[in-house]
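Chain and residue survey
Listed below, chain by chain, are the residues.
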Amino acid sequence: MARYNKIFAGPYTMALPQVRELPAADGNITPGNVIVESAGEFTNAGAATEGKVYVAQDNYLAMKGADDAYPAGDVVIGMEAQDSFIYRVRLADGENVAVGTALTTAANGEVAVATAGDMVVFFADESFNNTSGSAELINARPAKGYKA
């Protein structure tokens, strides 16, 4: 079960983030995944992804939780990563982060610690050592997209 049950973490005094809705390219998009638009559909970001990224929101329209993947073809709610908000993104298994750690896209829409030359898409907003055996949701703030 996910550590958190919501993907958008606020702040709640501001308007909710802007979203884009597109069909899921496959059934592997889970809320908290970093996703990209490809051929008119959303798909999980992969390692070395560059350009605009979105965060898959929990499918509140279908009353689904943070661990419920979108079926292929269903409409995915992709939140635009705005730097004034906190999001919960999926940290890859085996990654250890502290507050402020630069994060890049990894396989399957997950994030991992950025190394030299990686596109930084988020900064960790909490410390977490992921030894759970699967990707876990962590609080993160969007970066402005620069190379580590």
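Residues numbered from 1 in each chain as written. Predicted model: local features only at pLDDT ≥ 70, side-chain atom pairs only at ≥ 80, totals over all residues. Heavy atoms only, no water.

Some remarks on unusual backbone geometry
We apply this condition: Helix and strand definitions follow DSSP, with helices as H or I runs of at least four residues and strands as E runs of at least two, each counted in order from the N terminus. The buried label goes to any residue with under 20% of its type's maximum accessible area, the exposed label to any with over 50%, and the partly exposed label to all in between, with areas taken from a 1.4 Å probe on protein chains only.
Of note, the phi angle at alanine 39 is positive, near 55°, even though the residue is not glycine. Note on placement: alanine 39 falls in the loop between β3 (34–38) and β4 (41–44). On the basis of relative accessible area, alanine 39 is assigned to the exposed category, the value being 80%. Of note, alanine 48 is a non-glycine position whose phi angle comes to about 70°, a positive value. Mapping alanine 48 onto the fold places it in the loop between β4 and β5 (54–56).

A few points about the packing of aromatic side chains
The condition is simple: Pairing of aromatic rings covers Phe, Tyr and Trp, the last counted by its six-membered ring, and requires centre-to-centre distances within 6.5 Å; plane angles under 30 degrees mean stacked, over 60 mean edge-to-face, and any other angle means tilted.
All chains considered together, the criterion is met by five aromatic pairs. Taken together, a centroid distance of 6.3 Å and an interplanar angle of 85° make the contact between phenylalanine 85 and tyrosine 87 edge-to-face. Residue classification places phenylalanine 85 among the buried residues on the basis of a relative accessible area of 4%. Judged by centre distance (6.5 Å) and plane angle (70°), the ring pair of tyrosine 87 and phenylalanine 122 falls under edge-to-face. With tyrosine 87 in strand β7 (residues 86–91) and phenylalanine 122 in strand β11 (residues 119–124), the pair connects residues that are 35 residues apart, well separated along the chain. Each member of the pair tyrosine 87 and phenylalanine 122 is classed as buried.

As for the pattern of salt bridges
In plain terms, the rule: Only one rule defines a salt bridge in this text: a Lys or Arg side-chain nitrogen within 4 Å of an Asp or Glu carboxyl oxygen.
If you walk through the whole model with that rule in mind, you get seven salt bridges. Between glutamate 126 and arginine 3 there is a salt bridge, with its nearest N and O atoms 3.2 Å apart. A residue pair is termed long-range when its members are at least 10 positions apart, and glutamate 126 in the loop between β11 and β12 (128–129) and arginine 3 in the segment before β1 (8–10) qualify at 123 residues. On the basis of relative accessible area, glutamate 126 is assigned to the buried category, the value being 12%.

Details of the layout of surface pockets
Quick note on the threshold: A cavity, in this analysis, means grid points on a 1 Å lattice covering only the protein atoms where a 1.4 Å probe fits yet has no way out; a pocket is instead an open set bounded by protein on both sides within 12 Å along at least five of seven lines, and a residue lines either one if it has an atom within 4 Å of a point. Grid points are joined across faces, edges and corners, and a volume is the space filled by probe spheres set on the points. Three categories are distinguished: nonpolar for Ala, Val, Leu, Ile, Met, Phe, Trp, Tyr, Cys and Pro, charged for Asp, Glu, Lys and Arg, and polar for the others, with Gly belonging to the last.
Approximately 200 Å³ is the volume attributed to the largest pocket. Together, 13 residues line the largest pocket, and Gly51, Lys52, Val53, Ala81 and Ala143 are the ones closest to its centre. Going through the elements one at a time, β11 and β13 (136–147) are the ones with two or more residues in the lining of the largest pocket. Looking at which element gives the most residues to the lining of the largest pocket, the answer is β13, with four residues. When its residues are assigned to classes, the lining of the largest pocket shows seven nonpolar, three polar and three charged.

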